[in-house]
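Structure assessment
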Amino acid sequence: ESRRQRVQRWLRRYGLAEAAAILGSYGGYFGAGLFGAGAIGSAMAAAWCENIGFYSVIALRDAMAAPPGRRWRTAGLLLLEFGPAELLDSLLLRPAAVAASVALLGPGWGVLAGKLIADAAFYALVIMSHEHLRKREGLS
């Protein structure tokens, strides 16, 4: 498989989920602000709502594609693919990146910049897990 084919596969796997994540991130940030949250609370809300959007797409698509008797196994594979990266991302990297970016750029561009900064670290870990699982499952 060429590098281009791998990138295309990753875009098919994560692209639509990322679109939902961006919407969730802005919705969480500005929604929390409407309820009086400060910068840190809004950054946390952006991170968590981004996760809701992202994982809703990933989990629904993978569950629908899995044979009925293999859905629990699919859920386990999702935990292996995303779990380690997600712990670091949600609890530390993403809220810090969003808060710092908003402080520097304001909320309009800062939410997106923070998301993209955090995504770089997140995907470095997730893609390594994804490729390892593909090899283990004999899909490479």
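Residues numbered from 1 in each chain as written. Predicted model: local features only at pLDDT ≥ 70, side-chain atom pairs only at ≥ 80, totals over all residues. Heavy atoms only, no water.

Topic: helix H1 (residues 3-34)
The terminal C-alpha atoms of H1, which comprises 32 residues, lie 44 Å apart, in line with the 46 Å expected from a rise of 1.5 Å per residue. All of the buried residues in H1 are Arg-9, Arg-13, Tyr-14, Ala-17, Glu-18, Ala-21, Gly-24, Ser-25, Gly-28, Tyr-29 and Ala-32. Lining the buried residues of H1 we find helix H2 (39-65), helix H3 (71-105) and helix H4 (107-136). Immediately beyond the C-terminal end of H1, within one or two residues, lies Gly-36, with a positive phi of roughly 90°. (Helix = DSSP H or I, 4+ residues; strand = E, 2+ residues; numbered from the N terminus. Expected span 1.5 Å × (residues − 1). Buried < 20%, exposed > 50% of the residue type's maximum accessible area, 1.4 Å probe, protein only. Contact = heavy atoms within 4.5 Å.)

Considering H4
Along its 30 residues, H4 runs 42 Å from first to last C-alpha, staying within 8% of the 44 Å computed at 1.5 Å per residue. Where H4 bends most, the angle comes to about 30°, and this point is Phe-122. At the C-terminal side of H4, Gly-138 shows a positive phi close to 75°. (Bend = angle between axes of the 7 residues up to and from the residue.)

Topic: the side chain of Glu-18
Note that Glu-18 resides in helix H1. Apart from the residues within four sequence positions on either side, Glu-18 is in contact with Glu-50, Phe-54, Lys-115, Asp-119 and Tyr-123.

What about the environment of Gly-41?
On the secondary structure map, Gly-41 appears in helix H2. The class of Gly-41 is partly exposed, set by a relative accessible area of 35%. It is 8.9 Å that separates the C-alpha atoms of Gly-41 and Pro-95, two residues lying 54 residues apart in sequence.

Section: the packing of aromatic side chains
In total, this model carries eleven aromatic pairs according to the counting rule given. Plain terms: the ring middles of Phe-54 and Tyr-55 are 4.9 Å apart, the flat faces sit at 90° to each other, and that makes the pair edge-to-face. A relative accessible area of 3% means that Phe-54 is categorised as buried. Aromatic pair Tyr-55 and Phe-82: ring centres 5.3 Å apart, planes at 85°, arrangement edge-to-face. Of this pair, Tyr-55 sits in helix H2 while Phe-82 sits in helix H3; the two residues are 27 residues apart in sequence, bridging distant segments of the chain. The exposure class of Tyr-55 is partly exposed, given its relative accessible area of 22%. One aromatic cluster in this structure is built from Tyr-14, Phe-54, Tyr-55, Phe-82, Phe-122 and Tyr-123. Over the ring of Phe-122 we find Arg-94, and its NZ or CZ is 5.9 Å from the ring centre. (Phe/Tyr/Trp six-rings, centres within 6.5 Å; stacked < 30°, edge-to-face > 60°. Lys NZ or Arg CZ within 6 Å of the ring centre and 35° of its normal.)

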